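# Structural characterization, general
As a plain string of letters, each chain reads:
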2 protein chains.
Amino acid sequence: MDVARLAGVSPSTVSRILNGTAKVSDDKRQAVMDAIARMNFAPNPMAQSLKRGRSMTIGIVVQDISSPFFDETLHGVDEALKGTGYASVIVSGHWNAAEEIERIRLLLARKVDGIILLSGRITDESVLQFSQHRPIVSTGRAIQTQRALGFKLDNEHGGWLAVRHLIELGHRRIAFITGPANNCDADERLAGYKRALQEADIAYDPKIVVEGDFHESSGMRAINHLFDTQQQFTAVCAANDLSAYGARLSLYRKGIRVPEDISLVGFDDLPGSSYTTPPLTTIRQPLYDIGRIATNSLLHLINGEIVETSIPPLELIVRETTRRIR
Amino acid sequence: MDVARLAGVSPSTVSRILNGTAKVSDDKRQAVMDAIARMNFAPNPMAQSLKRGRSMTIGIVVQDISSPFFDETLHGVDEALKGTGYASVIVSGHWNAAEEIERIRLLLARKVDGIILLSGRITDESVLQFSQHRPIVSTGRAIQTQRALGFKLDNEHGGWLAVRHLIELGHRRIAFITGPANNCDADERLAGYKRALQEADIAYDPKIVVEGDFHESSGMRAINHLFDTQQQFTAVCAANDLSAYGARLSLYRKGIRVPEDISLVGFDDLPGSSYTTPPLTTIRQPLYDIGRIATNSLLHLINGEIVETSIPPLELIVRETTRRIR
DNA sequence: CTGTTAGCGCGTTCAT
DNA sequence: ATGAACGCGCTAACAG
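Residues numbered from 1 in each chain as written. Chains lettered and ligands numbered in written order. Predicted model: local features only at pLDDT ≥ 70, side-chain atom pairs only at ≥ 80, totals over all residues. Heavy atoms only, no water.

For chain A, an unreviewed UniProt entry supplies the name Substrate-binding domain-containing protein and the organism Undibacterium nitidum.

This is the structure we're talking about:
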């Protein structure tokens, strides 16, 4: 190092001071600190990484950067990373298992120290496989090994909460807009819907359960379909907020008032859901906390520590799109 | 390298094959390729970076991850980076110049090959300063050097477009919700507002120009303030979509219909603006394209190439929150 | 306490 | 066309 020469010591001494690896006499330390300041020296992270085998970078896999769902989670990640010295590389799987695998390989090739997988489409086995290379934390899974950790929210309970709220308001014909096929979270929410109906002795009617894909447009299509096939219903439960937004718009176009004519409830509580017209009743997912906690856990896993964490539960947020049936 | 031994050649030969640096006989090449495949070898990026002085990483500075505004731009960045071998590290300045500088320093310390600065709060001089270390591309600036490039949208024109649309619909009392103080983009939009009024011989009335901060809550507060001070107006122009959302909600709460009673126009055309109730008339910013083009330009700058680019203009998107005054 | 030596995994001379 | 040797910047092990 140049600093070493300038301070008249050996490179190792500089290293020792920078890392606090060993005791160094005060005069030498002072000389080195001066030299460092004078040439405002900073260690080269690549050389450090090469030597230590740690890149101080973690990889985040989202499905769609520019979806409020993921971005709120990323916000939590960002917060948890602050001051740790770790940076994050974000990649997107675009809801596609093959692409997701390729992206994870990319992250691994880049030698990230760990991976956070958000709403992955790949199998648990794949995750376990990858976790042999680097620790992985994933949402929506119930795994727990030395190097892989899954967080799972009780989506079934969430779906149940939403529908029970509607039933308590007197609704009995409750339509449901599902998530994409084979999406675990979505399936569980639907299961919660079914259980709530059953507990209230309401027959399950597949004709008012319409498939969506978590996007706004599918919410619109769902409502249109319901009307085209002339279904009767007084409330709509959507598998996520985005499709609830679409449903809302379709209803508006048809001149149907929310909540006067039809009640609507979403799932997620995206930041924008407090500002829809009217503000959306929904099931709150602690997205920000999930991001924070997942990140913390990963950092622990990286250090070989065992983590045991719990995340806040899902909760019903009653706003203005639901009302008692008259 | 292990591969070299397995293939019975020297490490240099492997390197030559991987980088196409020099001619290598076909038989050796074959042997090496086999060995590589067999132990699915991949070069260590850190070692490469250390040697080449290129990290194959660029830094992105946003102000708020989890704002649809930035996320749509990031989407474009992501697209442009695809297949280039570059990855991105995203940091957030939180609309705070000091934090922004600290983050940029962090990126520089990490040896990113270039930086994209989105809606930065720091001065042009700071940018130029930083650009001495690494090439920088920034939005909202009119700079152009060998190592720094600014993109600037014609916000004044955008503001003018929005207000002229309102005026053409017969509105003459048009309230304006501004952006945060000292924000260049916001100031220009206000300037466009003033020019449109002037051209239509409408007196500028500061009492119906209310300060906001680009967030939903400030849009609500602005409308509330307007009503509290009993201003007369038939239309509202917001400096961005988010504050238009807030304005919309406040109007809804007061039982005022949009667009029947009051017309509303935003600025940005966020993805969600097609799904508000009713869908928002707004000025479209080509966020995605900005992300794409900024990234491409940066990649060129990194390679020492001169870039000359133009981005799509702002355009008025007429949806359903504006209507002719009766 | 401190300097010397070696090596992390590559790419690039310089010879051959 | 190919191998040997060196160095990117840093830290860990080994002496002293």
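So that's the structure; there's more coming.
### Let's talk about the overall build of chain A
As a reminder, the rule being used: Helical segments are the DSSP runs of H or I of at least four residues, strand segments are the runs of E of at least two, and each set is numbered from the N terminus. C-alpha atoms define the radius of gyration in this analysis, and the globule rule sets the expected value at 2.2 Å times the number of residues to the power 0.38. The classification of residues rests on relative accessible area computed with a 1.4 Å probe and restricted to protein chains. Under 20% of the type maximum is buried, over 50% is exposed, and intermediate values are partly exposed. Each accessible area is a Shrake-Rupley estimate made with a 1.4 Å probe; only the visible protein chains count as cover when residues are assessed. Within this scheme the basic residues Lys and Arg register as positive and the acidic residues Asp and Glu register as negative, but His and the chain ends are omitted. Here the site of a charge means NZ on Lys, CZ on Arg, CG on Asp, or CD on Glu.
Scanning chain A for helices and strands turns up twelve helices and eleven strands. For 326 residues, the compact-globule estimate of 2.2 N^0.38 gives 20 Å, and chain A exceeds it by more than 25% at 26 Å. Projecting the C-alpha coordinates of chain A onto the three principal axes gives extents of approximately 85 × 35 × 30 Å. Among the 326 residues that make up chain A, the fraction classed as buried is 55%. Surface exposure of chain A reaches about 14,400 Å², of which carbon and sulfur atoms provide 49%. Distance from the positive charge centre (37 side chains) to the negative charge centre (38 side chains) of chain A: 4 Å.

### Considering the state of the cysteines
Residue and element names in this part refer to chain A. Operational definition: Working definition: a disulfide is two cysteine sulfur atoms within 2.5 Å of each other.
According to the stated counting rule, one finds zero disulfides over all chains in the structure shown. In this model cysteine 184 remains outside any disulfide bridge; the closest cysteine sulfur is found in cysteine 237, 17 Å from its own. A relative accessible area of 3% places cysteine 237 in the buried class.

### With respect to the packing of aromatic side chains
Put simply, the rule is: Side-chain rings of Phe, Tyr and Trp (the six-membered ring for Trp) are treated as a pair once their centres are within 6.5 Å; stacked means planes under 30 degrees apart, edge-to-face means over 60, and tilted covers the remaining angles. Sitting over a ring, as applied to charges here, requires NZ of Lys or CZ of Arg to be within 6 Å of the ring centre and within 35 degrees of the ring normal.
Per the counting criterion, the structure on display carries twelve aromatic pairs over all chains. Grouping aromatic residues by their ring pairs yields a cluster made of A:Phe69, A:Phe70, A:Trp95 and A:Phe214. The lysine or arginine in question, A:Arg189, covers the ring of A:Phe267, its NZ or CZ lying 3.9 Å from the ring centre. The lysine or arginine in question, B:Lys194, covers the ring of B:Tyr204, its NZ or CZ lying 4.9 Å from the ring centre.

### Notes on the sheet that holds strand 11 (residues 315-317) of chain A
Residues and elements named next belong to chain A. Selection rule: Here, strands pair whenever DSSP counts at least two bridges between them. Residue contacts follow a heavy-atom distance rule, with two residues in contact if any of their heavy atoms lie within 4.5 Å. Only C-alpha atoms enter the line fits that serve as axes; for helices the fit covers just the stretch in contact. Angles between N-to-C directions range over 0 to 180 degrees.
Judged by pairing direction, the sheet is mixed, and its six strands sit side by side in the order 7-6-8-9-10-11 without closing on themselves. Looking at the sheet topology across the chains shown, the edges are occupied by strand 7 (209-210) and strand 11. Where strand 9 (residues 263-268) meets strand 10 (residues 281-284), four bridges bridge the pair, whose relative direction is parallel. Bridge pairing in strand 10 links aspartate 268 to arginine 284. Along the sheet, helix 9 (residues 184-199) makes contact with strand 6 (174-177), strand 7 and strand 9, crossing strand 6 at roughly 170°.

### Topic: the relation of the copies chain B and chain A
Definition in use: We place the copies in one frame by least squares, fitting the C-alpha atoms of every residue whose pLDDT is at least 70 in both.
Overlay of chain B on chain A (RMSD 0.1 Å): rotation 180°, translation along the axis 0.0 Å. Both chain copies can therefore be described as sitting about a two-fold axis. Looking at the interface residues of chain B, 100% of them are also at the interface in chain A, so both copies use one shared face.

### Here's the deal with the protein's contact with DNA strand C
What counts is decided by this rule: For this purpose, a residue is taken to be near a molecule or strand whenever a single non-hydrogen atom of the residue falls within 4 Å of it. Polar contact criterion, stated in full: a pair of N or O atoms within 3.5 Å, where within protein one must be able to donate a hydrogen and the other to accept it, and residues adjacent in sequence count only if both atoms are side-chain atoms.
By nearness alone, 24 residues border DNA strand C, and A:Ser12, A:Thr13, A:Arg16, A:Val24 and A:Ser25 come closest of all. The sugar-phosphate backbone supplies 58% of the atoms of DNA strand C found within 4 Å of the protein. The side chain of A:Lys28 places a nitrogen or oxygen atom 3.3 Å from a phosphate oxygen of DNA strand C. Interatomic distance of 3.2 Å between a side-chain N/O atom of B:Gln48 and a phosphate oxygen of DNA strand C.

### Comments concerning the protein's contact with DNA strand D
Inclusion rule: The residue classification treats Ala, Val, Leu, Ile, Met, Phe, Trp, Tyr, Cys and Pro as nonpolar and Asp, Glu, Lys and Arg as charged. All others, Gly included, are polar.
Around DNA strand D, the surrounding shell holds 24 residues, and the nearest of these are A:Asn44, B:Ser10, B:Thr13, B:Arg16 and B:Ser25. When atoms of DNA strand D within 4 Å of the protein are split into backbone and base, the sugar-phosphate part holds 67%. Take B:Lys51: an N or O atom from its side chain is 3.2 Å from a base nitrogen of DNA strand D. Of all the secondary structure elements, the ones that give two or more residues to the surface near DNA strand D are helix 2 (11-19) and helix 4 (45-52) of chain A together with helix 2 (11-19) and helix 4 (45-52) of chain B. Classifying every residue of the surface near DNA strand D gives eight nonpolar, nine polar and seven charged.

### As for the interface of chain B and chain A
This is how the line gets drawn: Buried area adds together the accessible area that both of two parts lose upon being put together, with accessible area traced by a 1.4 Å probe. Think of a salt bridge as a Lys or Arg side-chain nitrogen and an Asp or Glu carboxyl oxygen that are within 4 Å of each other.
Chain B puts 48 residues into the contact, and the matching count from chain A is 48 residues. For the pairing of chain B and chain A, the buried interface totals around 3,900 Å² over both sides, and the portion due to carbon and sulfur atoms is 61%. The tally of links between chain B and chain A comes to two salt bridges. For the salt bridge of B:Glu320 with A:Arg253, the shortest nitrogen-to-oxygen distance reads 2.3 Å.

### Looking at the UniProt feature "domain: HTH cro/C1-type" (unreviewed entry) in chain A
Here is the rule we go by: UniProt positions are given in the numbering used here, feature names are shortened, and annotations may be inferred rather than shown by experiment.
Summarizing the sequence annotation, UniProt attributes the feature "domain: HTH cro/C1-type" (unreviewed entry) to residues 2-28 of chain A in the numbering used throughout. Secondary structure across residues 2-28 of chain A divides into 67% helix and 0% strand, with the first and last C-alpha atoms of the span separated by 15 Å.

### Describing the packing of helix 10 (residues 216-228) of chain B against helix 11 (residues 241-253) of chain B
Residues and elements named next belong to chain B. Here is the rule we go by: Each angle gets one of four labels, with under 35 degrees taken as roughly parallel, over 145 as roughly antiparallel, 65 to 115 as roughly perpendicular, and the rest as oblique. Crossing chirality is assigned from the near helix's rotation relative to the far helix, an anticlockwise turn below a right angle marking it left-handed and a clockwise turn marking it right-handed.
Put simply, helix 10 and helix 11 touch, their axes get as near as 6 Å, and they point 45° apart. Judged on the interaxial angle alone, helix 11 and helix 10 are oblique. At the point where helix 10 passes helix 11, the crossing takes the right-handed sense. Contacts between helix 10 and helix 11 involve Glu216, Ser218, Gly219, Met220, Ile223, Asn224 and Phe227 from the former and Leu242, Ser243, Tyr245, Gly246, Ala247, Leu249, Ser250, Leu251 and Arg253 from the latter.

### Quick look at the side chain of B:Glu100
Residue and element names in this part refer to chain B. With respect to the helices, strands and loops of the structure, glutamate 100 is situated in helix 6 (residues 97-109). The charged side chain of glutamate 100 is buried without a salt bridge, its nearest counter-charge being arginine 141 at 4.7 Å. A distance of 3.2 Å separates polar atoms of two side chains, one belonging to glutamate 100 and the other to glutamine 63. The residues touching glutamate 100, leaving out its near neighbours within four places in the chain, are Val61, Gln63, Gly93, Leu117, Gly120, Arg121 and Ile122.

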